[in-house]
Amino acid sequence: MTNKIYFEDLPNIKEAKKNLSKAIMKEKESVGYYNLPQFDVSSIDEFASRIDDKIEFIVVLGIGGSSLGAKAIYEFLKPVKEMKRKLYFFESTDPLNILSLLSKIEIKKSHFLVISKSGTTVETIAVFKYMLSINKNMGHYTIITDLDSPLDKFGKLKGMNIFYLPCNVGGRFSVLSTVGLLPLALCGVDIKELLSGAKKIQNSFFEDAYIKDVLFKKAFFYAKHHSTYHINCIFAYSETLKYFCQWYVQLWGESLGKKQRHSAFNVGLTPIGLIGPKDQHSFLQLIVEGTRDKSMTCIKIDDFKDELSIPDISLEELESLDILNGLEFHDLINMQCDSAMESLKILKDIPIDEIIVPRVDERSMGELIYYYELLTSLVGQLIDVDTYNQPGVELGKIILKNKLSEVRK
Ligand code: PA5
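Residues numbered from 1 in each chain as written. Predicted model: local features only at pLDDT ≥ 70, side-chain atom pairs only at ≥ 80, totals over all residues. Heavy atoms only, no water.

Engineer: How would you summarise the sheet that holds strand β10 (residues 270–275) if you had to cite specific residues and measurements?
Structural biologist: Across the sheet, 5 strands lie side by side as β1-β12-β11-β7-β10; this open sheet has mixed pairing. On the outer flanks of this sheet lie β1 (2–5) and β10, each paired with one strand and no other. Strand after strand, the sheet turns through a mean of 20° between neighbouring axes, direction not considered. In the sheet, strand β7 (residues 231–236) pairs with β10 via 6 bridges, with the strands oriented parallel. Across the sheet, residue Cys233 finds its bridge partner in β10, namely Ile272. Sitting on the sheet, helix α10 (residues 242–256) touches β7, β10 and β11 (294–303), and the angle it makes with β10 is about 175°. Set on the sheet, helix α13 (residues 362–382) makes contact with β1, β7, β11 and β12 (352–359); between it and β12 the angle comes to about 150°. (Pairing = 2+ DSSP bridges. Helix = DSSP H or I, 4+ residues; strand = E, 2+ residues; numbered from the N terminus. Axes fitted to C-alpha atoms, helices over the stretch in contact; angles between N-to-C directions. Contact = heavy atoms within 4.5 Å.)

As structure tokens, then:
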């Protein structure tokens, strides 16, 4: 991937760059996601080779970091790749959503992956209980959780298949571990290619090459201007990136919206995920003429590997649009992206950059994921938050559990 940045490097920050490098190297000793490109996939391959060919549906029961990453990758690849099995995600306690998803799968041809790092997430366990009431065969379930979590203990009691995530890998940074790799491998996604994409970015970053330069430039800019440009929009010019945007929103929001470590201030950067060209007809106006509080990153796919084109037809009264005739759709969508970017560049007060993803394939997605994880870590360090916790969501969970206990009395 390439990343073109259209705003200036901050001056005189050599020392600050050195300190940031040091802080990240220190963090790398204890934060597990940095090393996930080296994840050993042999047990995943072995499990995938054993699973019955009659299984047509892989069903993930999980939420947040336990589902969004695999969903982003699966939905990115789905239009171009013939999947071995269909992948569905039960991520909600919305009864209509549960029933609608159930109507899409055949229970007897499904293998269920119950994914929860903590092993106690209400949404996941509620749906798991419901599934167990329909299908009691424990052989049809596999658990992915932390060692010794309550879910792990349950699984052991019942003799279930269990996989673990490295304990130092947090939920929203876990897509390149068993959490994302197992469901994807069962559907035929080339997980080694995915990891090799991530590894390419890892090498470029830790060997002080191209990616480190661009990431540092962006991170320092976002951090310096975090109270002005506090809304960071991704404008992705492909429908395939719709769920990647959801993954980004969780990663950025849950990691960077916090009380600072060394002050009592609350800080945060607000992620927005947009899809072009659709959102040119909705959100773009707000970026162009609204308050100057937004940065924009356009993501473009270089090679769609598709030659679908607009027919050479002239329509009466619409002759002015004959300029479209013969144009391939992939050229049109990328020209739309370029035109939107140019219109913003002219304004000069909207920070803008452009990521070019080579193709719709595993390697490209591995690169994009690891790039965004690194960017999140860098900005987290610079705005002085603990990127890897989420204390803000705990109180709501406690209140819910109290309410549920009251209802049981
Ligand atoms: O990133 C996180 O840590 C969270 O979003 C979790 O992934 C989410 O709350 C689900 O938690 P768990 O995997 O413990 O069920």
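Further notes follow.
Engineer: Give a detailed account of the pattern of salt bridges, specifying residues and quantitative values.
Structural biologist: What the rule picks out here adds up to 26 salt bridges. One salt bridge connects Lys192 with Asp45, and the closest N-O pair in it is separated by 2.9 Å. Taken together, the residues Lys192 in helix α8 (residues 191–206) and Asp45 in helix α2 (residues 42–50) connect sequence positions 147 residues apart. Between Glu254 and Arg172 there is a salt bridge, with the nearest N and O atoms lying 3.3 Å from each other. Of this pair, Glu254 sits in helix α10 while Arg172 sits in the loop between β6 (161–164) and α7 (178–186), and the two are 82 residues apart along the sequence. Judged by its relative accessible area of 24%, Glu254 is partly exposed. In this structure Arg172 comes out as buried when scored by relative accessible area, which is 5%. The network of salt bridges with common partners includes Glu56, Glu106 and Lys109. (Salt bridge = Lys/Arg side-chain N within 4 Å of Asp/Glu carboxyl O. Buried < 20%, exposed > 50% of the residue type's maximum accessible area, 1.4 Å probe, protein only.)

Engineer: Give me the lowdown on the sheet that holds strand β4 (residues 110–115), citing residues and values where you can.
Structural biologist: Here 5 strands make up an open sheet; going across it, the order is β3-β2-β4-β5-β6 and the pairing parallel. Each of the sheet's edge strands pairs with one partner strand only, and the pair in question is β3 (86–90) and β6. In this sheet, neighbouring strand axes are inclined to one another by 20° on average, regardless of whether the strands run parallel or antiparallel.

Engineer: If you had to explain the site of the ligand to someone new, which residues and values would you point to?
Structural biologist: Around the ligand sit 13 residues, and of these Ser66, Ser116, Ser118, Thr121 and Gln250 come closest. At 2.7 Å from an oxygen atom of the ligand is found a side-chain nitrogen or oxygen belonging to Ser66. The contact in question runs from an oxygen atom of the ligand to an N or O atom on the backbone of Arg172, over 2.9 Å. Within the complex, the protein chains bury 88% of what would otherwise be the 380 Å² of accessible surface of the ligand. Grouping the amino acids of the shell around the ligand by side-chain chemistry returns 1 nonpolar, 9 polar and 3 charged. (Near = heavy atom within 4 Å. Polar contact = N/O pair within 3.5 Å; in protein donor to acceptor, adjacent residues only side chain to side chain. Areas by Shrake-Rupley, 256 points an atom, 1.4 Å probe, with all protein chains shown as cover. Nonpolar A, V, L, I, M, F, W, Y, C, P; charged D, E, K, R; others polar.)

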